[in-house]
Amino acid sequence: MISDNIRKVKEKIAQSCERAGRADNEVTLIAVSKTKPVALLKQAYDAGIRDFGENKVQELVDKLPQLPDDIRWHMIGHLQRNKVKYIIDKVWLIHSVDSLRLAQEISREAVKRQITANILVEVNIAEEGSKFGAAAQEAEELVEAISRLPGICVKGLMTVAPYVEDAEQNRGFFRNLKQLSVDIAEKNIDNISMNILSMGMTGDYGVAVEEGATYVRVGTGIFGERDYSV
Ligand SMILES: *Cc1c(COP(=O)(O)O)cnc(C)c1O
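What comes next concerns the included structure. From a predicted model like this one, the values you see are computed outputs, not experimental measurements.

## Some words on the overall build of the protein chain
Then step 1. In terms of helices and strands, the protein chain carries nine helices and eight strands.
Then step 2. Along the three orthogonal principal directions, the C-alpha set of the protein chain runs to about 45 × 40 × 35 Å.
Then step 3. Within the protein chain, the proportion of its 230 residues that are buried is 51%.
Then step 4. Of the contacts made within the protein chain by residues no fewer than 6 positions apart, 59% connect residues no fewer than 24 positions apart.
Then step 5. Accessible surface, the protein chain: about 11300 Å² in total, of which carbon and sulfur atoms supply 46%.
Then step 6. Distance from the positive charge centre (30 side chains) to the negative charge centre (34 side chains) of the protein chain: 5 Å.

## Side note on the site of the ligand
Then step 1. Val32, Lys34, Ile76, Met158, Val160, Met201, Thr202, Arg217, Val218, Gly219, Thr220 and Arg226 make up every residue found near the ligand.
Then step 2. Within the contact set of the ligand, an oxygen atom lies 2.4 Å away from a side-chain nitrogen or oxygen of Thr202.
Then step 3. The contact in question runs from a nitrogen atom of the ligand to an N or O atom on the side chain of Arg217, over 2.8 Å.
Then step 4. Within the complex, 88% of the 390 Å² of free accessible area of the ligand lies under protein.

## Side note on the layout of surface pockets
Then step 1. Of the volumes computed, that of the largest pocket is approximately 680 Å³.
Then step 2. Considering the residues around the largest pocket, the lining is formed by 28 residues, among which Lys34, Val160, Tyr163, Met201 and Arg226 are closest to the centre.
Then step 3. A volume near 150 Å³ is recorded for the second largest pocket.
Then step 4. Lining the second largest pocket are Lys10, Ile13, Ala14, Asp24, Val27, Thr28, Leu29, Gly48, Ile49, Arg50 and Asp51.
Then step 5. Every element with two or more residues in the lining of the second largest pocket is listed here: α1 (2-20) and β1 (28-32).
Then step 6. Sorting elements by how many residues they give to the lining of the second largest pocket places α1 first, with three residues.
Then step 7. Looking at the lining of the second largest pocket, its residues break down into five nonpolar, two polar and four charged.

## Concerning the packing of aromatic side chains
Then step 1. Applying the stated rule across the entire model yields one aromatic pair.
Then step 2. Ring plane angle 35° and centroid distance 5.8 Å describe the contact between Phe52 and Trp73, whose orientation is recorded as tilted. Placement of Phe52 in strand β2 (residues 51-54) and of Trp73 in strand β3 (residues 72-75) is noted, with a sequence separation of 21 residues between them. Note on accessibility: Phe52 and Trp73 belong to one class, buried.
Then step 3. One cation-aromatic arrangement involves Lys12 over Tyr205; the distance from NZ or CZ to the ring centre is 5.0 Å.
Then step 4. Over the ring of Trp92 we find Arg72, and its NZ or CZ is 5.8 Å from the ring centre.

## Quick word on the nonpolar core
Then step 1. With 65 residues, the main nonpolar core has Phe52 and Ile106 as its most contacted residues.
Then step 2. The leading source of residues in this core is α1, at five residues.
Then step 3. Ile30, Leu93, Leu120 and Ile196 belong to the second largest nonpolar core, which has six residues in total.

## Overview of the side chain of Thr214
Then step 1. Here Thr214 is to be found in the loop between α8 (205-210) and β8 (215-218).
Then step 2. In contact with Thr214, other than residues within four places in its own chain, are Arg22, Glu26, Val27, Thr28, Asn195, Ile196 and Leu197.

## Regarding helix α6 (residues 136-147)
Every α-helix winds through 3.6 residues per turn, so residues three or four apart in the chain are directed the same way.
Then step 1. With twelve residues, α6 ought to run about 16 Å at 1.5 Å a step, and its terminal C-alpha atoms sit 17 Å apart, in line with that.
Then step 2. Considered for burial, the residues of α6 that qualify are Ala139, Leu142, Val143, Ala145, Ile146 and Ser147.
Then step 3. If you follow the buried residues of α6, they end up packed against β4 (93-97), α5 (100-113), β5 (117-122), β6 (152-158) and α7 (171-185).

## Quick word on α1
Then step 1. In a regular helix each residue adds 1.5 Å, so 19 residues correspond to 27 Å; α1 covers 27 Å between its end C-alpha atoms and thus fits that length.
Then step 2. Taken together, the buried positions of α1 are occupied by Ile2, Asn5, Ile6, Val9, Ile13, Ser16 and Cys17. The arc that holds every buried residue of α1, seen down its axis, measures 110°, which confines them to one face. Exposed positions of α1 whose direction lies more than 90 degrees from the buried face are Lys8, Glu18 and Arg19.
Then step 3. Following α1 by one or two positions, Gly21 has its phi on the positive side, about 70°.

Thresholds applied
- Residues numbered from 1 in each chain as written.
- Predicted model: local features only at pLDDT ≥ 70, side-chain atom pairs only at ≥ 80, totals over all residues.
- Heavy atoms only, no water.
- Helix = DSSP H or I, 4+ residues; strand = E, 2+ residues; numbered from the N terminus.
- Buried < 20%, exposed > 50% of the residue type's maximum accessible area, 1.4 Å probe, protein only.
- Contact = heavy atoms within 4.5 Å.
- Areas by Shrake-Rupley, 256 points an atom, 1.4 Å probe, with all protein chains shown as cover.
- Lys, Arg positive; Asp, Glu negative; His and termini not counted.
- Charge placed at Lys NZ, Arg CZ, Asp CG, Glu CD.
- Near = heavy atom within 4 Å.
- Polar contact = N/O pair within 3.5 Å; in protein donor to acceptor, adjacent residues only side chain to side chain.
- 1 Å grid on protein atoms, 1.4 Å probe; cavity = no way out; pocket = protein on both sides within 12 Å on 5 of 7 lines; lining within 4 Å.
- Points joined across faces, edges and corners; volume = space filled by probe spheres on them.
- Nonpolar A, V, L, I, M, F, W, Y, C, P; charged D, E, K, R; others polar.
- Phe/Tyr/Trp six-rings, centres within 6.5 Å; stacked < 30°, edge-to-face > 60°.
- Lys NZ or Arg CZ within 6 Å of the ring centre and 35° of its normal.
- Core = buried A, V, L, I, M, F, W, Y, C linked by side-chain atoms within 4.5 Å.
- Expected span 1.5 Å × (residues − 1).
- Arc of directions from axis to C-beta.

See below:
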């Protein structure tokens, strides 16, 4: 069943790529496995998924040793500074950096371990009061400031768009995030790139791909509804 879901999601990504004149290998599907048991992650792995997204440090650290080590783990949730040390050398990419203070902590921990941490700057593109993320107007300054820190490398931008019934309602937000990444790329800031655009979830990943997403983060569409009551 999970393998059927993955096949359908990949088909939809391919269709959106075709509509937008993009190659479908430009888009990587991240299976968002938060709250789901390891057995289901294994099914997704067996169906070919190698990128998994988690939003809680403890859950990520618990699951990681129970699964094959060729998995690329993505930290997609709000990250507290005091927890950076638990995941810094375990994750492929941190999607949710939205302050200089968090970036400074990541930098410190990365330097200590002599690694480079790859990160995305999270932008609250719809300016929702309830969401994390830097304001669009602050993003360039934040990228620039992070670019001067050792041990940390900005690879692009990420956003969590509003929850909507009709994905078309988010098209403008995705377009704005893409434009913001183009604008920042044109500044030619040293030691950064804007190659990654992490946007689109179960309800709107098709539209996000049409607007330039390179990572889509799909949970419900692969694993089914999450049950937070247990
Ligand atoms: C939970 C989550 C997702 C996946 O949401 P679905 O609607 O289940 O696809 C994507 N991104 C982030 C940051 C999340 O927390």
